[in-house]
Amino acid sequence: MSEQNRGDGLSPLSELISLEDRRAIITGSASGIGRAIALRFAEAGASLVLVDVDMEGLRSLETEMKGNTAPELHRVDLSDKAEIDRFWESLEGGPPEILVNNAGIYPFKDFLEVDEEFLRRVMDVNLSSVLWMSQQMIRRRIDHGGVIINIASIEALLPFMDHLSHYGASKAGVIALSRGLARDYGKKGFRVNVLVPGGIVTPGTKGVAKSIAKLNLGLVMSGLEFRQRLPLRRAGKPDEIALMALVLASDLSSYVHGAVIPVDGGFLSA
Ligand code: NAD
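Residues numbered from 1 in each chain as written. Predicted model: local features only at pLDDT ≥ 70, side-chain atom pairs only at ≥ 80, totals over all residues. Heavy atoms only, no water.

A. Spatial organisation of the overall build of the protein. Assigned secondary structure in the protein consists of nine helices and seven strands. Taking 18 Å as the expected radius of gyration for a compact globule of 270 residues, we find that the protein reaches 19 Å, a close match to that expectation. Expressed as lengths along the three principal axes of its C-alpha atoms, the size of the protein is roughly 60 × 45 × 40 Å. Here the protein holds 270 residues, and 46% of them are scored as buried. The contacts of the protein with a sequence gap of at least 6 include a subset with a gap of at least 24, amounting to 74%. As displayed, the protein has an accessible area near 13,600 Å², and 53% of this comes from carbon and sulfur atoms. Distance between charge centroids for the protein: 3 Å, based on 30 positive and 34 negative side chains. (Helix = DSSP H or I, 4+ residues; strand = E, 2+ residues; numbered from the N terminus. Rg over C-alpha atoms; globule rule 2.2 N^0.38 Å. Buried < 20%, exposed > 50% of the residue type's maximum accessible area, 1.4 Å probe, protein only. Contact = heavy atoms within 4.5 Å. Areas by Shrake-Rupley, 256 points an atom, 1.4 Å probe, with all protein chains shown as cover. Lys, Arg positive; Asp, Glu negative; His and termini not counted. Charge placed at Lys NZ, Arg CZ, Asp CG, Glu CD.)

B. Helix 2 (residues 32–43), seen in detail. The end-to-end C-alpha separation of helix 2 is 17 Å, in line with the 16 Å expected for twelve residues at 1.5 Å each. Burial of helix 2 is extensive: nine of the twelve residues sit out of reach of the surface. Every buried residue belonging to helix 2 is among G32, I33, G34, R35, A36, I37, A38, F41 and A42, and all of these are buried. Phi turns positive, to about 100°, at G45, one or two residues after helix 2. (Expected span 1.5 Å × (residues − 1).)

C. Structural detail: the packing of aromatic side chains. Tallied over the full model, the rule gives six aromatic pairs. Between F160 and F267, the ring centres sit 5.1 Å apart and the planes meet at 80°, which makes this aromatic pair edge-to-face. Here F160 is found in the loop between strand 5 (146–151) and helix 6 (165–185), whereas its partner F267 is found in the segment after strand 7 (260–263), with 107 residues between them in sequence. Note on Y185 and F190: the rings are 6.2 Å apart at their centroids and 85° apart in plane angle, and the pair reads as edge-to-face. For Y185, a relative accessible area of 26% gives the class partly exposed. In this structure F190 comes out as buried when scored by relative accessible area, which is 1%. Pairwise contacts between aromatic rings join F160, F226 and F267 into one cluster. Directly above the ring of F118 sits K109, whose terminal nitrogen or CZ lies 5.1 Å from the centroid. The ring of F267 carries R229 above its face, with NZ or CZ at 4.6 Å from the centroid. (Phe/Tyr/Trp six-rings, centres within 6.5 Å; stacked < 30°, edge-to-face > 60°. Lys NZ or Arg CZ within 6 Å of the ring centre and 35° of its normal.)

Structure follows, in structure tokens:
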């Protein structure tokens, strides 16, 4: 049956999943999960505004995307509110309707050694940047609405690895912030949701795995226990997060709002 002739009044799937005529900001898109999200959003027809500190990574992604509309690349250190403000002021063509706050860092540190500078950095990149980016977007689109997708972590809900309390706290903040924004701005036409990844193999997690293998047997053991406990018994791929992000960004999820959605191979359920 052709899409036009379904006769049930529902939009065809191809239309629901499409991001044609939409612009999306994706932070941390030079690597890992953010990169995978950028590739899927481009495939769905979105125009992309890619943000990272790593311009080389963004340029290599741009090369990989040839064939799609050229993305805008922006070097922004998201730990710095002034840089975030300058980025929004520099945007041409109206504020994008989709914002994915993905950039994050997960440096391991013994809780007793956490100092002010270290904590400030983790909180600035992982939590404050999500707040400032969302504030800028909501201010600029207050009469138009939009979609915000924030990336938290299973560590916020079920701390598992040693030496990540600071990280779990920052990501718990992302969940609380997202739910608060969902409550306050749903009526203004914003849909705000949180993805909760766990166990995804990315350049970031590969780097961590290498460095902890050298440093600390306890951490190596918690990595192994993690695998054993995973119901799906395998690590996830960045694209498996990207596909859920695409659902949340598109009209496939028009009634999904304020949701906290694990994409973790079942880890939180086991
Ligand atoms: P990654 O290290 O591979 O990529 C992160 C990207 O963020 C990099 O391109 C990096 O340059 C960028 N970035 C870091 N600090 C920045 C800053 N100050 N300003 C701008 N850009 C900055 O990481 P990933 O594994 O793809 O993780 C992406 C997100 O998913 C993070 O928020 C992470 O906490 C979260 N997460 C990942 C996993 C996982 O298993 N990989 C699990 C739970 C949550």
